[in-house]
Amino acid sequence: MSRSVTDARLEQLVREIVTTYPYYQPWNRSSLAFSDLPVMDKTSITRHREQLELTCPQDQTMESFTSGSTGIPFRCVKLLQEKHILSMAMFRRRRQWGLPLKHDLLLLSNRFLAEPHMLEHYARRIMDHPPDMIQGRSSALYELAKYFERNELRIPDKLVLLQNWGEPRQPSHKKRIEQVFGVPFVDYYGMEEIWMIAFSNQDDELEVDDQLVHVEIVDPETLQPLPDGEYGEILVTSFVMRSLPFIRYRTGDIGCICRSPERGRVTLRLAPVRLSQIRLPDRQAQTAIFRYLDKFLYDLSLQRGIRQFQIVQESYTSFRFRIAAEDQSWEVGELTRKFTAFLKQYLAAEVSVRVELVSEIAPHPDSGKFHPFISLVTEKGESLI
Amino acid sequence: MRWVNLSDWNTETVELEVVSILSKISKRPVAHIELTCTLVDDLYVDSIKFMELLVLLEETFSFELGIDDLRPELYHTVADVVRFVQRRVHS
């Protein structure tokens, strides 16, 4: 979609929302631009929910909840019509990867890695009732691939597609999963509130679905727009959601956008960290600083069979950098020095860093999502260790 | 499945067949399905039923749907589905 078409759609959306939702009425003036609208998040929507949520017949809406793994569980509502449009948009993307209209889809449980019997259960399910597509967390599909390989199980001929969901797709995961299953492992970026934002295209770029959403990148501190190609927080505006509008909505994710006007597409690169807080004695700093490590972490992920990494803040001044790698024999001195220098520079504080090589990093027990940053420091500064 | 020669499809038979398919999918009597009924709000055709509908349209009318045909906005009412099929079988 061209820039001018997008601008026209945003202009129309602005006119509609300022006259529909009481919350946006103060912005109902003639010279209003889309970027004048306030940036919203879960907290602000919850606080003003009665001014934002349309009253819809109960039998024409569905309700769901976000996992709460980011700290704030959130009630989502969708009209059946909205759900229908969003579902079909997702199917169109899968169809481009060869998924037939009539298909069996297997969804791996969020608790896939939490229950030891799950691998056997799902492997048996796949053998007995071969699916056309399997959707699951990248880490879960990776374990499933290893299980199939270890047990020399036959991959069903019917399988055409694997899809990531809910966590960053690691390059090393993708390579191994595709080697074992012999079909594309595509990426998906979305959220429970608005569903799909972007999906892998045939060039394996995460392409924004501009029929559904408009994406902006802003500085997480100032909320000012950043130029294309620069990493910042992802804001998303849904063109579909009307039961509860999501306009300039903070995703908490870090990424950058690239435009390709000649191909009419906008693609998204996601940094492997979310926006959350590093607690310091006198202030908090956002983990968005880790976006400056994007090249470093990406290069790292391509080396030595690294599958995952996780940064754990153990106290105000001590951090643990956990790396799950196949090769656990490497010297981490240089890595420790680089990471310590980085944190000192961006936090402007004395810190100590310990690099730990591990075989696995467990996902969050409830959501099944893998979190690249966690803080074990409470609001009062106590360590939860 | 009822096999019909492609040239046998006319405005009336297409409409009858589409209504019959929608009756089967929505589990409602044919008499309750009017051209003005909306698929989602009146017939409760959700995304799974919608896929079933598309599969049955492909099988019954022997055409193949492209990516751009998979937009629910094209099929708001029963009349929209009938019009879409008529265009395809006569193209």
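In this report, the structure presented in the accompanying data block is examined. Each chain carries its own residue numbering, running from 1 in the direction its sequence is written. Whichever chain is written first becomes A and whichever ligand is written first becomes 1, with later ones labelled in order. It should be noted that, the model being predicted, local features are given only for residues of pLDDT at least 70 and side-chain atom pairs only at 80 or more, the latter also being counted only at that level, while totals for whole chains, interfaces and linings use all residues. Processing note: side-chain calculations cover all non-hydrogen atoms of the structure and skip hydrogens and water entirely.

What about the sheet that holds strand β16 (residues 306-313) of chain A?
Strands pair in a sheet through their backbones, by hydrogen bonds, and they do so in one of two ways: parallel or antiparallel.
All names here are of chain A.
Part 1 of the argument: We treat two strands as partners when DSSP finds at least two bridges between them. Numbering of helices and strands starts at the N terminus; helices are DSSP runs of H or I of at least 4 residues and strands are runs of E of at least 2. Across the sheet, which stays open at both edges, the four strands sit in the order β18-β17-β16-β19 with mixed pairing between neighbours. Bordering the open sheet on either side are β18 (352-358) and β19 (373-375), each of which pairs with just one other strand. Across the sheet, the mean angle separating the axes of adjacent strands is 20° when strand polarity is ignored.
Part 2 of the argument: Bridging between β16 and β19 involves three bridges; their strand directions are parallel. Each residue of the ladder has a partner; that of Gln313, found in β19, is Ser375.
Part 3 of the argument: Contacts: residue pairs with any heavy atoms within 4.5 Å of one another. Under this scheme, a helix contributes an axis fitted over its contacting stretch, all axes are lines through C-alpha atoms, and angles between N-to-C directions fall in the 0 to 180 degree range. Contacts from helix α9 (residues 333-347) reach β16, β17 (318-325) and β18, with the element oriented near 135° to β18.

Overview of the packing of helix α1 (residues 11-26) of chain B against helix α3 (residues 78-89) of chain B
In helix packing, the relevant descriptors are the interaxial angle and the interaxial distance, both defined with respect to the helix axes.
All names here are of chain B.
Part 1 of the argument: The contact between α1 and α3 brings their axes to 9 Å, and the two run at 130°. Comparing their axes, α3 and α1 come out oblique. Handedness of the crossing formed by α1 with α3: right-handed. Residue-level inspection shows Thr11, Val14, Glu15, Val18, Val19 and Leu22 of α1 in contact with α3, the latter providing Val78, Val81, Val82, Val85, Gln86 and Val89. Our angle categories are set so that under 35 degrees counts as roughly parallel, over 145 as roughly antiparallel, 65 to 115 as roughly perpendicular, and the remainder as oblique. Here a crossing is taken to be left-handed if its near helix is turned anticlockwise relative to the far helix by less than a right angle, and right-handed if that turn runs clockwise.

Examining the layout of surface pockets
Residue and element names in this part refer to chain A.
Part 1 of the argument: Put plainly, a pocket is an open set of points on a 1 Å grid over the protein atoms alone with protein on both sides within 12 Å along at least five of seven lines, a cavity is a set where a 1.4 Å probe fits but cannot get out, and a lining residue has an atom within 4 Å of a point. Grid points are joined across faces, edges and corners, and a volume is the space filled by probe spheres set on the points. One number sums up the size of the second largest pocket: a volume of about 560 Å³.
Part 2 of the argument: When contributions to the lining of the second largest pocket are tallied by element, the ones reaching two or more residues are α1 (3-20), β10 (213-218), β12 (249-260) and β13 (265-274).
Part 3 of the argument: It is β10 that contributes the most residues to the lining of the second largest pocket, five residues altogether.
Part 4 of the argument: The residue classification treats Ala, Val, Leu, Ile, Met, Phe, Trp, Tyr, Cys and Pro as nonpolar and Asp, Glu, Lys and Arg as charged. All others, Gly included, are polar. Here the residues of the lining of the second largest pocket sort into 15 nonpolar, six polar and eight charged.

A word on the pattern of salt bridges
All names here are of chain A.
Part 1 of the argument: Think of a salt bridge as a Lys or Arg side-chain nitrogen and an Asp or Glu carboxyl oxygen that are within 4 Å of each other. A complete count under the given rule lists 36 salt bridges over all chains for this structure.
Part 2 of the argument: Salt-bridge contacts for Lys146 lead to Glu143; the nearest nitrogen and oxygen are separated by 3.5 Å. Within this pair, Lys146 and its partner Glu143 are both found in helix α6 (residues 138-150), separated by three residues, close to a single helical turn.
Part 3 of the argument: A 1.4 Å probe rolled over the protein chains alone gives each residue an accessible area, and that area as a share of the maximum for its type sets the label: buried under 20%, exposed over 50%, partly exposed in between. What makes Lys146 buried here is its relative accessible area of 17%.
Part 4 of the argument: The exposure class assigned to Glu143 is buried, which follows from its relative accessible area of 14%.
Part 5 of the argument: For Lys344, the salt bridge identified is with Glu350, shortest N-O distance 3.5 Å.
Part 6 of the argument: Since its relative accessible area comes to 34%, Lys344 is described here as partly exposed.
Part 7 of the argument: Within this structure, Arg169, Lys174, Glu178, Asp187 and Asp204 form a network of salt bridges that share partners.

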